[in-house]
Amino acid sequence: MSAAVENKKDGVMVEVENLTKRYAGRAAVEGLTFSVRRGEIAGFLGQNGAGKSTTLRMLSCFMPATSGTARVSGFDVFLDADEVRRRIGYMPENNPLHLDMRVREYLKFRARLKGLSRSQSRERADVVVQQCGLADVTNKVIGQLSKGFRQRVGLADALIHEPELLILDEPTNGLDPRQIQSVRQLIKDLGRTHTVLISTHLLYEVEMTCNRIIVIHQGRILASDTTENIQQLMSGRGQIIAEIAAPMDELRECWEQMAEVEHFEIAASEGIYHRCALIPSSGVDIRPRIYQLVCERKWGLRELTRSRHTLEDIFLHLTRADREEEL
Amino acid sequence: MQAYLTLVRRELGSYFISLTGYVVIAGVLLLMGASLVLLLESLNGQPVDVPVMELFYETQFFWLILLLATPLITMRSFAHEKFAGTYETLMTTPVSDAQVVLAKFTGTMVFYLLAWVPLLTYPALLRHYSTDPLAVDAGPVGSTFLGIFLLGMLYIAMGCFASSLTRSQILAATNAFALGICLFMASFLTRILPLREGWQTKALTHISIIEHMRDFVRGIVDTRHIVFYVSLTAFFLFLTLKVVEARRWR
């Protein structure tokens, strides 16, 4: 209990230490250690089969870990499973629902199952129906709803008992782009009032919705940090593209003289323009310098961009590093 | 308790919003109707010196209903939830494993009993059309229903156990049917084996559900029989609970 109080002060919602799960000797996840603070939207990022679902299942008390501990809001997921279950709203992968029930009936059923009183479950059902935009389909049979609506029903179910922590396993899987956008917005809105832990194999998704990223690969954590930090990790090495109308020789001379440019390539573009790809030494933004240079020499400039590193690059970078280590 | 009742209601309700429930009820009604025809046939014209319920029992349709309906009723209890994935959402709510097992058992059991309710009209019908006011005795009717309840309880528990083992409803039904048939067939061993005095014969007589039911329809309520069914039911529910808990051991 004292641990619970301590953690509340710290604002740590999820605390995982050395979590390992083996299936018949094969490790699905091994030695996971990470934490999620209260109020964060954390993204669990990994390829299919990386161990995301396994980890989330252990956090939601569906199955126990082989070794290691996990605490949610200070309660151990194995020893205080009931306390943990009361505090989490969990939506499994593929969002299983009772397809033969009606939306409102299902939500009330789930609320009662989670220990809400009859009047509370009615009230909460109304609230989550509004929150998740289900007002038009409350009396429809779930099996007849589109996938986007079903996803909303799953979210509404996860929310119905006002959990402290939402655990959503691939919440946008299998939706069309418009539905993805609306579900993502919903998750963002929920993030204002809840701690959210989502898993996904889509890199831009965590980038857009989460403020903490946990990258997992083959059952191990590659990186766990805030989204900005992870982006910063790579941003210094961002490549700069400049299309300048100038003689090739002069350009080459300029780049060679500029100390901040570590590496450059020049290719001919249409007409008099040359396309220069510059890699600056880390942490420096040389775009103002280039603009100055162009102004001084009265050259033409039609493009000046920094290719921002997406998580795709970060992910590939991290996994490559891992692979090299193995070799 | 609240979660238990909610689950029982859901379990029972699922029979009435899907086709399964109505198909089972229709099948049971058909078999019951056939038994009534045979029953009336044997009552027609000749004097009968056994209780009416024994005549019903002699038509053998009772066994068909018990052996065929129970696997169909129980097959979806766990298997369907596992197949649909709702097992995971169920098991991550603050509900204990024991509550889930007991709720599934209660729900299926109540449905099984509901399917038998039409049989109650038979004694009423016979009493209404019979010239002899003592033709239908409340005692044997009551004990017959007690027998139906007890035998059903065991078969439902076996069915739940079979369903908890698999994700496929077909397999669940087949396994439950196989278990049920084994127990039923064991009763015939007492008839096939030469009647020898000895513990084997005694033991076989003790587990003969055919003999048990014959006692019940005659109005004999033997505590040994009650203990037999209650303890075996508890045993199969215990096994089911262990299967449900088994996901924690893996």
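Basis of the calculations
Residues numbered from 1 in each chain as written. Chains lettered and ligands numbered in written order. Predicted model: local features only at pLDDT ≥ 70, side-chain atom pairs only at ≥ 80, totals over all residues. Helix = DSSP H or I, 4+ residues; strand = E, 2+ residues; numbered from the N terminus. Buried ≥ 20, exposed ≤ 12 C-beta atoms within 10 Å, placed from the backbone. Contact = placed C-beta atoms within 7 Å. Nonpolar A, V, L, I, M, F, W, Y, C, P; charged D, E, K, R; others polar. Axes fitted to C-alpha atoms, helices over the stretch in contact; angles between N-to-C directions. Parallel < 35°, antiparallel > 145°, perpendicular 65-115°, else oblique. Left-handed = near helix turned anticlockwise from the far one by under 90°. Pairing = 2+ DSSP bridges. pLDDT = per-residue confidence, 0-100. Arc of directions from axis to C-beta.

1. Observations regarding the overall build of chain A
Along its length, chain A carries 12 helices and 14 strands. Sorting the 327 residues of chain A into buried and exposed places 39% on the buried side.

2. Section: the interface of chain A and chain B
Contact residues are listed per partner, giving 20 residues for chain A and 19 residues for chain B. For the side of chain A that touches chain B, the elements supplying multiple residues, two or more each, are α3 (81-87) and α4 (103-113) of chain A. Its residues placed into classes, the side of chain A that touches chain B shows 10 nonpolar, four polar and six charged.

3. Overview of the packing of helix α9 (residues 138-164) of chain B against helix α14 (residues 223-245) of chain B
Residue and element names in this part refer to chain B. Viewed as axis vectors pointing N to C, α9 and α14 meet at an angle of 15 degrees, and their least axial separation amounts to 9 Å. In terms of orientation, α9 lies roughly parallel with respect to α14. For the pair α9 and α14, the crossing hand works out as left-handed. Between α9, through L150, L151, M153, L154, A157, M158, C160, F161 and S164, and α14, the contact on the second element is made entirely by I226, Y229, L232, T233, F236, L237, L239, T240, V243 and V244. In the contact of α9 with α14, the residues fall into 16 nonpolar, three polar and no charged.

4. Structural notes on the sheet that holds strand β12 (residues 261-268) of chain A
Think of a sheet as strands paired side by side through backbone hydrogen bonds, with each pair either parallel or antiparallel. Residue and element names in this part refer to chain A. On the basis of which strands lie adjacent, the open sheet formed by four strands has the order β12-β13-β11-β14 and antiparallel pairing. This sheet does not close on itself; its edge strands, each paired only once, are β12 and β14 (300-306). The sheet shows a mean angle of 15 degrees between the axes of neighbouring strands, taken without regard to direction. Against the sheet, helix α11 (residues 287-297) engages β11 (240-245) and β14, with an angle of about 175 degrees to β14.

5. What about the sheet that holds strand β8 (residues 195-200) of chain A?
All names here are of chain A. Judged by pairing direction, the sheet is mixed, and its six strands sit side by side in the order β6-β7-β8-β3-β9-β10 without closing on themselves. Edge positions in the sheet fall to β6 (88-91) and β10 (220-226), since each of these pairs with one other strand and no more. Taken over all neighbouring pairs, the strand axes of this sheet differ in orientation by 15 degrees on average, direction set aside. With four bridges joining them, β6 and strand β7 (residues 165-169) adopt parallel strand pairing. Each bridged residue has a counterpart across the sheet, and for Y90 the counterpart in β7 is I167. On the sheet, helix α6 (residues 147-159) packs against β6 and β7 and is oriented at approximately 160 degrees with respect to β6. The strands touched by helix α7 (residues 177-191) are β3 (41-45), β7 and β8; relative to β8, the strand with the most contacts, the crossing angle is about 150 degrees.

6. Some details on unusual backbone geometry
Residues and elements named next belong to chain A. Residue N18 is not a glycine yet carries a positive backbone phi of 50 degrees. Among the secondary structure elements, N18 is positioned in strand β1 (residues 12-23). You can call N18 partly exposed: it has 13 C-beta atoms within 10 Å. You will see that E162, though not glycine, has its phi angle at about 50 degrees, which is positive. Structurally, E162 can be placed in the loop between α6 and β7. With 15 C-beta atoms packed within 10 Å, E162 lands in the partly exposed category.

7. So, the confidence of the model for chain B
Confidence in the prediction of chain B, expressed as mean pLDDT, is 88, and 97% of residues score 70 or more. Across the assembled chains, the prediction reports ipTM 0.86 with pTM 0.83.

8. With respect to the pairing of β14(A)
Residues and elements named next belong to chain A. Counting buried positions along β14 gives zero out of seven residues, so the element sits mostly on the surface. In the sheet, β11 pairs with β14 via six bridges, with the strands oriented antiparallel. Following the sheet pairing, A242 is matched in β14 by L304.

9. Let's talk about the confidence of the model for chain A
Residues and elements named next belong to chain A. Summing up the model confidence of chain A, the mean pLDDT is 83 and the portion of residues at 70 or higher is 88%. Averaged pLDDT values over the elements of chain A bottom out at 47 in helix α1 (residues 2-10) and peak at 94 in α4. Within the model, pLDDT remains below 50 along residues 1-9, and this stretch shows nine contacts once partners closer than five positions in the same chain are excluded.

10. Section: helix α13 (residues 209-217) of chain B
All names here are of chain B. Listed in full, the buried residues belonging to α13 are I209, H212, M213, F216 and V217. Down the axis of α13, the smallest arc covering the buried residues is 130 degrees, so these residues share one side. Positive phi appears at G219, one or two residues downstream of α13, with a value of about 90 degrees.

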